[in-house]
Amino acid sequence: MRAAFRLAALLVVPALLASPAAAQRPCLTDAEAESLATVALPDVIRETGRVCAQRLPATSLIRSGGGPLIAKYQAAADRAWPAAQGAIAKLSDPAVTLLLQSEYARPVLTSLIAPLVVGRVAIEDCGTVDRLVTLLEPLPPANTAGVIVTTLRYLKADHARSGAKSGKTGVPEIPLCPQP
């Protein structure tokens, strides 16, 4: 179960592009973090299917590389892109805002992020990842993104309670705003 939580948390790595100056940096609301997760999901799922192809049966949902699952997440990613642009701009230098308006910004970002996320998945966890994606598949993409962000919030709180140093936990350093 912990591997599934860790994987879900890793799916929101887009915010890793934020500046490392952590002390005063702004934070992301759950909605902003969910928009980033939604934008990254289609490429993360495709890349996971590619990496795990040798470990999973041909009927595996993540090995399909396209079809209804990716189409559903791609449509949601298209709708979430404007909010994700705002979240990235919020965490970045103001000069990035203009770059985010380019038609190339999103494909470049997601092509960099997907391998970073999937590269953290151990090949022996491919079955767990496939099961997780299969269990989440019936949910709307917004719910999946919500599960990812909630899981990330839980993992960060759990590590804070245990006194673990963030860099050594495998939990991405995503600046989530405190919940009210």
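Up top is the structure these notes are about.
Please read these numbers as outputs of a predicted model, since none were measured by experiment.

J.: Quick question: what am I supposed to make of the overall build of the protein here?
T.: When helices and strands are counted, the protein shows 7 helices and 0 strands. Reading the secondary structure of the protein in the N-to-C direction produces α-α-α-α-α-α-α. Across the 180 residues in the protein, those meeting the buried criterion constitute 44%. In the protein, 78% of the contacts between residues at least 6 apart in sequence involve partners at least 24 apart. Accessible surface, the protein as shown: approximately 9,400 Å² in total, 61% of it carbon and sulfur.

J.: How should the state of the cysteines be read in this particular structure?
T.: Here a disulfide denotes one covalent bond, and it connects the sulfur atoms of two cysteines. Scanning the model with the defined rule gives 2 disulfides in all. The side chain of cysteine 27 participates in a disulfide bridge whose partner is cysteine 177; the two sulfur atoms lie 1.9 Å from each other. Classification of the bridge connecting cysteine 27 and cysteine 177 rests on its S-S torsion, roughly 95°, and on that basis the disulfide is right-handed. Pair noted here: cysteine 27 is in the loop between α1 (2-10) and α2 (30-51) and cysteine 177 is in the segment after α7 (141-162), with a separation of 150 residues, a long-range link.

J.: When you look at the side chain of glutamate 32 in this model, what are you seeing that I'm missing?
T.: As for its placement among the helices and strands, glutamate 32 is situated in helix α2. You can call glutamate 32 buried: its relative accessible area is 18%. Setting aside chain neighbours within four positions, we find glutamate 32 in contact with Cys27, Ala87 and Lys90.

J.: Please explain helix α3 (residues 67-91) as it appears in this structure.
T.: An α-helical segment advances 3.6 residues per turn. Residues three or four places apart therefore align on the same side. Given a rise of 1.5 Å per residue, 25 residues ought to cover 36 Å, and the 33 Å separating the end C-alpha atoms of α3 matches this to within 8%. The sharpest bend along α3 measures roughly 50° and falls at tryptophan 81, with the proline proline 82 sitting one to four residues further on.

J.: Explanation requested: a nonpolar patch on the surface in the structure shown.
T.: There is a patch of nonpolar side chains on the surface, built from Tyr104, Val108 and Leu112 and spanning about 330 Å² of accessible area. Relative to the helices and strands, valine 108 is located in helix α5 (residues 105-118).

J.: Could you clarify how one ought to interpret the nonpolar core in this entry?
T.: Note on soluble globular proteins: their nonpolar side chains tend to be buried together. If you look at the biggest cluster of nonpolar residues, it comprises 26 residues, and the most contacted ones within it are Leu28, Trp81 and Leu100. Of all elements in the fold, only α2, α3, α5 and α7 reach the threshold of two or more residues within this core. The dominant element in this core, judged by the number of residues it contributes, is α3, at 7 residues. Those residues in contact with tryptophan 81, other than ones at most four positions away along the chain, are Val39, Ile88, Leu100, Ala105, Arg106 and Leu109. Core analysis: the next-biggest nonpolar cluster, separate from the first, contains 15 residues, Leu56, Ile62, Cys126 and Val133 among them.

J.: Is there a simple way to explain the environment of arginine 55 in this structure?
T.: Mapping arginine 55 onto the fold places it in the loop between α2 and α3. Residues arginine 55 and glutamate 124, 69 residues apart in the sequence, show an inter-C-alpha distance of 7.9 Å. The residues contacting arginine 55, other than those within four sequence positions of it, are Ile123, Glu124 and Cys126.

J.: Would you explain the pattern of salt bridges in this entry?
T.: Pairs can form between side chains of opposite charge whenever their charged atoms are close. Scanning the model with the defined rule gives 6 salt bridges in all. Two residues, arginine 153 and aspartate 30, come together in a salt bridge whose shortest N-O distance is 2.5 Å. Of the two residues, arginine 153 is situated in helix α7 and aspartate 30 in helix α2; the sequence distance between them amounts to 123 residues. Note that arginine 106 is salt-bridged to aspartate 78, the shortest N-O span being 2.7 Å. Of this pair, arginine 106 sits in helix α5 while aspartate 78 sits in helix α3, and the two are 28 residues apart along the sequence. Exposure remark for aspartate 78: the relative accessible area of 43% places this residue in the partly exposed category.

What counts and what doesn't
Residues numbered from 1 in each chain as written. Predicted model: local features only at pLDDT ≥ 70, side-chain atom pairs only at ≥ 80, totals over all residues. Heavy atoms only, no water. Helix = DSSP H or I, 4+ residues; strand = E, 2+ residues; numbered from the N terminus. Buried < 20%, exposed > 50% of the residue type's maximum accessible area, 1.4 Å probe, protein only. Contact = heavy atoms within 4.5 Å. Areas by Shrake-Rupley, 256 points an atom, 1.4 Å probe, with all protein chains shown as cover. Disulfide = S-S within 2.5 Å. Expected span 1.5 Å × (residues − 1). Bend = angle between axes of the 7 residues up to and from the residue. Patch = residues over 30% accessible without salt bridge, like charges linked within 9 Å, V, L, I, M, F, W, Y side chains within 5 Å. Salt bridge = Lys/Arg side-chain N within 4 Å of Asp/Glu carboxyl O. Core = buried A, V, L, I, M, F, W, Y, C linked by side-chain atoms within 4.5 Å.

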